[in-house]
Amino acid sequence: DAELDLDYTPLHAHSDATGHFALGQIPADAYRVVVRCPGYIPVAFKREVGPADAAMDFQLVPTPFYDPLESGAGWTVGGYTTFAPKWDSSMSSA
């Protein structure tokens, strides 16, 4: 499941099972396109995008190492095993 964002706009989309995105009707303009997917190096580029430019092809490159940090037994940070983040209030910048 990859995510495509048009930076500095609220426009974003998630890929379907075949890797395709659909943003719908967007105003024609120059956008900074950013594509992210866990386990792959993010791709960013500037492109003219609009109703006539509905198709974009790009290749995502796998990262040399990827750990989703997911485990059925929870995860450990700083000696604590938890199923949700626990923040130490003494570390706040107040």
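Use the structure listed above.
Source: prediction; values computed, not measured.

Q: Where do I start with the pairing of strand 1 (residues 3-6) in this structure?
A: On a regular strand, each side chain points to the face opposite its neighbour's, so the side chains alternate between the two faces of the sheet. Pairing analysis gives three bridges linking strand 1 to strand 2 (residues 12-14), with the strands arranged antiparallel. Bridge pairing in strand 2 links L4 to A13. Of the strand pairs in this sheet, strand 1 and strand 3 (residues 29-36) are connected by four bridges, and their pairing is antiparallel. By the bridge assignment, L4 is partnered in strand 3 with V35.

Q: Please clarify how the side chain of D7 should be interpreted in this entry.
A: Examined against the element boundaries, D7 turns out to sit in the loop between strand 1 and strand 2. Discounting residues that sit within four places of it in the chain, D7 has contacts with R32 and V34.

Q: Looking at this structure, I do not really get the packing of aromatic side chains. What am I missing?
A: What describes a pair of aromatic rings is the distance from one ring centre to the other and the angle between the planes of the rings. Applying the stated rule across the entire model yields two aromatic pairs. Plain terms: the ring middles of F21 and F58 are 6.4 Å apart, the flat faces sit at 35° to each other, and that makes the pair tilted. One end of the pair, F21, is in the loop between strand 2 and strand 3; the other, F58, is in the loop between strand 5 (43-49) and strand 6 (61-62), with 37 residues separating them in the sequence. For F21, a relative accessible area of 25% puts it in the partly exposed group.

Q: Would you mind going over the side chain of D5 with me for this structure?
A: With respect to the helices and strands, the residue D5 is situated in strand 1. At 3.0 Å, the side chain of D5 and the side chain of R36 are in polar contact. For D5, the contacting residues outside a window of four places in its chain are L11, H12, R32, V33, V34 and R36.

Here is what the cut-offs are and how they apply
Residues numbered from 1 in each chain as written. Predicted model: local features only at pLDDT ≥ 70, side-chain atom pairs only at ≥ 80, totals over all residues. Heavy atoms only, no water. Pairing = 2+ DSSP bridges. Helix = DSSP H or I, 4+ residues; strand = E, 2+ residues; numbered from the N terminus. Contact = heavy atoms within 4.5 Å. Phe/Tyr/Trp six-rings, centres within 6.5 Å; stacked < 30°, edge-to-face > 60°. Buried < 20%, exposed > 50% of the residue type's maximum accessible area, 1.4 Å probe, protein only. Polar contact = N/O pair within 3.5 Å; in protein donor to acceptor, adjacent residues only side chain to side chain.

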